[in-house]
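Notes for the structure review
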Amino acid sequence: MSDTASYSGQDVYSLLQTAARSFGETDAIYGPGFETLKYDQLFGVVSQLANGIDGMALSRGGARPRIAVVFENGPEMSLVVLAA
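Residues numbered from 1 in each chain as written. Predicted model: local features only at pLDDT ≥ 70, side-chain atom pairs only at ≥ 80, totals over all residues. Heavy atoms only, no water.

**Quick word on helix H2 (residues 39-55)**
Stated precisely, the cut-off is as follows: Note on conventions: DSSP H or I runs of at least 4 residues are helices, E runs of at least 2 residues are strands, and numbering of each starts at the N terminus. Helix span is expected to be 1.5 Å times the residue number reduced by one. We call a residue buried when its accessible area falls under 20% of the maximum for its residue type, exposed when it is over 50%, and partly exposed in between, using a 1.4 Å probe and counting protein chains only. To obtain the arc, one takes the directions from the helix axis to the C-beta atoms. Residues are treated as being in contact if the distance between any of their heavy atoms lies within 4.5 Å.
Helix length check: H2 (17 residues) gives 24 Å between terminal C-alpha atoms against 24 Å at 1.5 Å per residue, within 8%. Of the positions making up H2, those classed as buried are Leu 42, Phe 43, Val 46, Ser 47, Ala 50 and Ile 53. Taken around the axis of H2, the buried residues stretch over an arc of 130°, which confines them to a single face. Set apart from the buried face of H2 by more than 90 degrees, the exposed residues are Gln 48, Asn 51 and Gly 55. Those residues of H2 that are buried lie in contact with helix H1 (12-23), strand S1 (27-31), strand S2 (34-38) and helix H3 (75-83).

Written out as structure tokens, the structure is:
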């Protein structure tokens, strides 16, 4: 069985939470002009962004909305994609 088989069926939030527990102080995301985030920091930032998106009350009828995000390629874009 491959290592990836144990992650089958998990959502992104759960995978990030597991990574934060397992690799907390390890560099997770970085880029030019961007402060390097450790896995535990990445999980915290993504959680805050996700809560902010959810707090916008964009959903109707309980369905999660589709949103458009426009950023240049880079770490910031990755954070928003993970949160959405």
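Okay, back to it.
**Notes on the environment of Tyr 39**
The topology assignment puts Tyr 39 in helix H2. With 16 residues separating them in the primary sequence, Tyr 39 and Phe 23 have C-alpha atoms 6.1 Å apart. Excluding anything up to four places from it in sequence, Tyr 39 contacts Ala 19, Ala 20, Phe 23, Gly 24, Thr 26, Asp 27 and Ala 28.

**Notes on the nonpolar core**
Rule in force here: In this text, buried Ala, Val, Leu, Ile, Met, Phe, Trp, Tyr and Cys residues form a nonpolar core when linked through side-chain atoms within 4.5 Å.
Counting 12 residues, the largest nonpolar core consists of Leu 16, Ala 20, Ile 29, Phe 34, Leu 37, Leu 42, Phe 43, Val 46, Ala 50, Ile 53, Leu 79 and Ala 83. Every element with two or more residues in this core is listed here: H1, S2, H2 and H3.

**What to know about the packing of H2 against H3**
Put simply, the rule is: Helix axes are fitted to C-alpha atoms over the stretch in contact, other axes to C-alpha atoms as well, and angles between N-to-C directions run from 0 to 180 degrees. An angle below 35 degrees is treated as roughly parallel, one above 145 as roughly antiparallel, one from 65 to 115 as roughly perpendicular, and anything else as oblique. Crossing handedness follows the turn of the near helix against the far one: under a right angle anticlockwise gives a left-handed crossing, and clockwise gives a right-handed one. Under the scheme applied here, ten amino acids are nonpolar (Ala, Val, Leu, Ile, Met, Phe, Trp, Tyr, Cys and Pro), four are charged (Asp, Glu, Lys and Arg), and all others, including Gly, are polar.
Viewed as axis vectors pointing N to C, H2 and H3 meet at an angle of 60°, and their least axial separation amounts to 8 Å. For the element pair H2 / H3, the angle class is oblique. For the element pair H2 and H3, the recorded crossing hand is right-handed. Residues Leu 42, Val 45, Val 46, Leu 49, Ala 50 and Ile 53 of H2 touch H3, and the partners they reach there are Leu 79, Val 80, Leu 82 and Ala 83. Residues that form the contact of H2 with H3 fall into these classes: 10 nonpolar, no polar and no charged.

**Topic: the packing of H1 against H2**
Look at H1 against H2: their axes get within 7 Å of each other, and the N-to-C directions meet at 150°. With respect to each other, H1 and H2 are oriented roughly antiparallel. At the point where H1 passes H2, the crossing takes the left-handed sense. Where H1 abuts H2, its residues Tyr 13, Leu 16, Gln 17, Ala 19, Ala 20 and Phe 23 lie against Tyr 39, Asp 40, Leu 42, Phe 43, Val 46 and Ser 47. Looking at side-chain class alone, the contact of H1 with H2 contains nine nonpolar, two polar and one charged residues.

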